[in-house]
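# Overview (structure and organization)
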Amino acid sequence: MHVSVNFCCLNYSFDLILQASGVTVNDEVIKVFNDMKVRKSSTPEEIKKRKKAVLFCLSDDKKQIIVEESKQILVGDIGDTVEDPYTAFVKLLPLNDCRYALYDATYETKESKKEDLVFIFWAPESAPLKSKMIYASSKDAIKKKFTGIKHEWQVNGLDDIKDRSTLGEKLGGNVVVSLEGKPL
């Protein structure tokens with residue numbers, strides 16, 4: 001299908017190859033999600049290899065959602081090469097393109113400590129329009145594979161995500177008192 005869109009007095013042409021259509025989710029993405037979701041008792045070595053955060057992108061041919069190479073934070077990196085996992089995660093996000101992400105948030109409320117996976121759709125305003133359209137129309141494909149996610153967050157720029165208190169609000173409103181050990 002071919003569609004022309006008139007946007008801001010410019011004529012953009014898009015091949016809508018992905019319009020909620022044929023984008024598939026690579027098996028490795030599902031494996032990463034399941035590994036992050038299941039918190040089974042593990043050895044200290046296995047815990048260190050567990051992913052704290054990971055980014056997903058579209059393959060070069062725009063037909064599959066894949067794990068983005070070297071765009072992850074491991075639990076074992078925290079305190080070693082990563083001081084603050086939330087800040088390190090924000091720095092992984094590309095300034096001029098879209099991504100999907102999973103972030104394993106550790107936070108405290110007045111009553112208890114909690115851990116929850118957060119699905120993030122990163123679509124910065126500076127990303128190309130075509131990229132925003134492709135990622136937006138493919139989001140359901142990945143969300144359907146991530147069963148049991150309680151928190152979803154669409155972020156449109158660094159101002160929306162750099163302050164950890166915004167994620168705290170998404171996780172539990174004003175009852176969240178700290179995120180990743182840092183007070184809100």
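Use the structure listed above.
Residues numbered from 1 in each chain as written. Predicted model: local features only at pLDDT ≥ 70, side-chain atom pairs only at ≥ 80, totals over all residues. Heavy atoms only, no water.

### Let's talk about the nonpolar core
The condition is simple: By convention a nonpolar core is built from buried Ala, Val, Leu, Ile, Met, Phe, Trp, Tyr and Cys residues, the set being connected through side-chain atoms within 4.5 Å. Relative accessibility decides the category of a residue: with a 1.4 Å probe and only protein chains considered, values under 20% of the type maximum give buried, values over 50% give exposed, and everything between is partly exposed. Helix and strand labels come from DSSP, where a helix needs a run of H or I of at least four residues and a strand needs a run of E of at least two; each type is numbered from the N terminus.
Within the largest apolar cluster, 24 residues are counted, with the highest numbers of intra-cluster contacts made by Phe56, Ile65, Tyr100, Leu102, Ile142 and Phe146. For this core, the elements supplying multiple residues, two or more each, are α1 (27–37), β4 (51–58), β5 (64–74), β6 (99–109), β7 (113–122) and α4 (129–145). Grouped together as the second largest cluster of nonpolar side chains are 23 residues, Ala101, Ala105, Ile120 and Leu171 included.

### Structural notes on the packing of aromatic side chains
The condition is simple: Here a pair means two rings of Phe, Tyr or Trp (six-membered ring of Trp) with centres within 6.5 Å. Their orientation is stacked below 30 degrees between planes, edge-to-face above 60, and tilted elsewhere.
Per the stated rule, a full pass over the model turns up 8 aromatic pairs. Pairing phenylalanine 33 with phenylalanine 146 gives two aromatic rings, centres 4.6 Å apart and planes at 20°, and the pair type is stacked. Of this pair, phenylalanine 33 sits in helix α1 while phenylalanine 146 is found in the loop between α4 and β8 (151–155), placing the two residues 113 residues apart along the sequence. The burial state of phenylalanine 33 is the same as that of phenylalanine 146; both residues are buried. Geometrically, the ring pair formed by tyrosine 100 and tyrosine 135 is tilted, given 5.1 Å between the ring centres and 50° between the ring planes. Taken together, the residues tyrosine 100 in strand β6 and tyrosine 135 in helix α4 connect sequence positions 35 residues apart. The pair tyrosine 100 / tyrosine 135 is uniform in exposure class, with both members buried. Feature note: the residues Phe33, Phe56, Tyr100, Phe119, Phe121, Tyr135 and Phe146 constitute an aromatic cluster, connected by ring pairs.

### Topic: unusual backbone geometry
Backbone geometry places lysine 62, a non-glycine residue, at a positive phi of 65°. Here lysine 62 is to be found in the loop between β4 and β5. Exposure remark for lysine 62: the relative accessible area of 33% places this residue in the partly exposed category. The residue glutamate 180 is not glycine, and still its phi comes out positive at about 55°.

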